[in-house]
Amino acid sequence: LLDPSIAFKPESDWPLIIPKARVFVEPEDMDALAHALFERGVIGAIDDKDVFRAHGRQVLNGMMGVERPKDKMTSRGPGLRVIMNLIPINSFLRDMIGEVASLPMTAAWQNLLLLDDEVVWLFSDDQKASFYLYEIPEVWRPFLVFSLWVSGAAVGRPELKRTRVCS
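Residues numbered from 1 in each chain as written. Predicted model: local features only at pLDDT ≥ 70, side-chain atom pairs only at ≥ 80, totals over all residues. Heavy atoms only, no water.

Draft legend 1. Fine view of helix H1 (residues 30–39). Residues Met30, Ala34 and Leu37 constitute the buried set of H1. Each buried residue of H1 sits inside an arc of 65° when the element is viewed along its axis, so together they form one side. Relative to its buried face, H1 has exposed residues pointing more than 90 degrees away, namely Ala32 and Glu39. Residues of H1 that are buried in the fold lie against strand S4 (62–67), strand S7 (80–85) and strand S10 (145–150). Phi turns positive one or two residues past the end of H1, at Gly41, with a value near 75°. (Buried < 20%, exposed > 50% of the residue type's maximum accessible area, 1.4 Å probe, protein only. Helix = DSSP H or I, 4+ residues; strand = E, 2+ residues; numbered from the N terminus. Arc of directions from axis to C-beta. Contact = heavy atoms within 4.5 Å.)

Right under this line is the structure:
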């Protein structure tokens, strides 16, 4: 996790056309959404020069909200779950194959190898709050940038008129 370079495919295997992903947010809601995500520690500002580039072009990811079944409406509007579309950056990363093929209901079970002789089994219900349990190391910030601009003030950088954001 501390060295993203080992997760990447060789440059010769990179796609020539970088996949695109959109951020599905109404323009007038962009700063409010960014501020809410920033307050929760999900996103932060990133300098445009630090964004990962392939073939000289930035690789930008997408984001959308999906209605939460239990909280369809809240006092502040629709209750949405944030979904990050990381297809663009994933197209440059190696496939990480685990032992999930041998597990029953592979969608519900995952394993985490700690040491050579230690494995933690995780059931999907245990992972429902994963954004609150795990934090991706900062070295991944250049690769988890979204295709949107927000005001710097929305993400704790009032000196910036606008900025890109990353997870």
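Draft legend 2. Structural detail: the environment of Pro142. Relative to the assigned elements, Pro142 resides in the loop between helix H3 (130–133) and S10. Looking at Pro142, the relative accessible area reads 21%, which means it is partly exposed. In this structure the C-alpha to C-alpha distance between Pro142 and Asp48, which are 94 residues apart in sequence, comes to 9.2 Å. Filtering out sequence-adjacent residues up to four positions away, Pro142 remains in contact with Ile46, Asp50, Val51 and Phe52.

Draft legend 3. Representation of the pattern of salt bridges. Across all of its chains, the model carries three salt bridges by this definition. The shortest N-O distance in the salt bridge between Asp48 and Arg164 comes to 3.2 Å. In this pair, Asp48 is assigned in the loop between strand S1 (44–46) and strand S2 (53–54) and Arg164 in strand S11 (residues 163–166), connecting sequence segments 116 residues apart. Its salt-bridge partner being Lys49, residue Asp50 comes within 3.2 Å of it at the nearest N-O pair. (Salt bridge = Lys/Arg side-chain N within 4 Å of Asp/Glu carboxyl O.)

Draft legend 4. Broad picture of unusual backbone geometry. We note that His55 has phi near 55°; this positive angle belongs to a residue other than glycine. Among the structural elements, His55 can be located in the loop between S2 and strand S3 (57–58).

Draft legend 5. Just the side chain of Ser91, in detail. Relative to the helices and strands, Ser91 is located in the loop between helix H2 (87–90) and strand S8 (109–115). Note on Ser91: relative accessible area 15%, which makes it buried. Only 2.6 Å separates the side chain of Ser91 from the backbone oxygen of Pro88, close enough to count as a polar contact. Residues in contact with Ser91, not counting those within four places in the same chain, are Lys9, Pro15 and Pro19. (Polar contact = N/O pair within 3.5 Å; in protein donor to acceptor, adjacent residues only side chain to side chain.)

Draft legend 6. Molecular detail of the packing of aromatic side chains. Across all of its chains, the model carries eight aromatic pairs by this definition. Ring centres 5.0 Å apart and planes at 55° place the aromatic pair Phe8 and Phe143 in the tilted group. In this pair, Phe8 is assigned in the segment before H1 and Phe143 in the loop between H3 and S10, connecting sequence segments 135 residues apart. Note on accessibility: Phe8 and Phe143 belong to one class, buried. Through successive ring pairs, a cluster of aromatic residues spans Phe8, Trp14, Phe52, Phe92, Trp140 and Phe143. The side chain of Arg162 reaches across the aromatic face of Trp149, ending 3.9 Å from its centre. (Phe/Tyr/Trp six-rings, centres within 6.5 Å; stacked < 30°, edge-to-face > 60°. Lys NZ or Arg CZ within 6 Å of the ring centre and 35° of its normal.)

Draft legend 7. Structural view of the confidence of the model for the protein. Per-residue confidence for the protein gives a mean pLDDT of 84; residues scoring 70 or more make up 80%. Here H3 is the element of the protein with the lowest mean pLDDT, 58, and S2 is the one with the highest, 97. (pLDDT = per-residue confidence, 0-100.)

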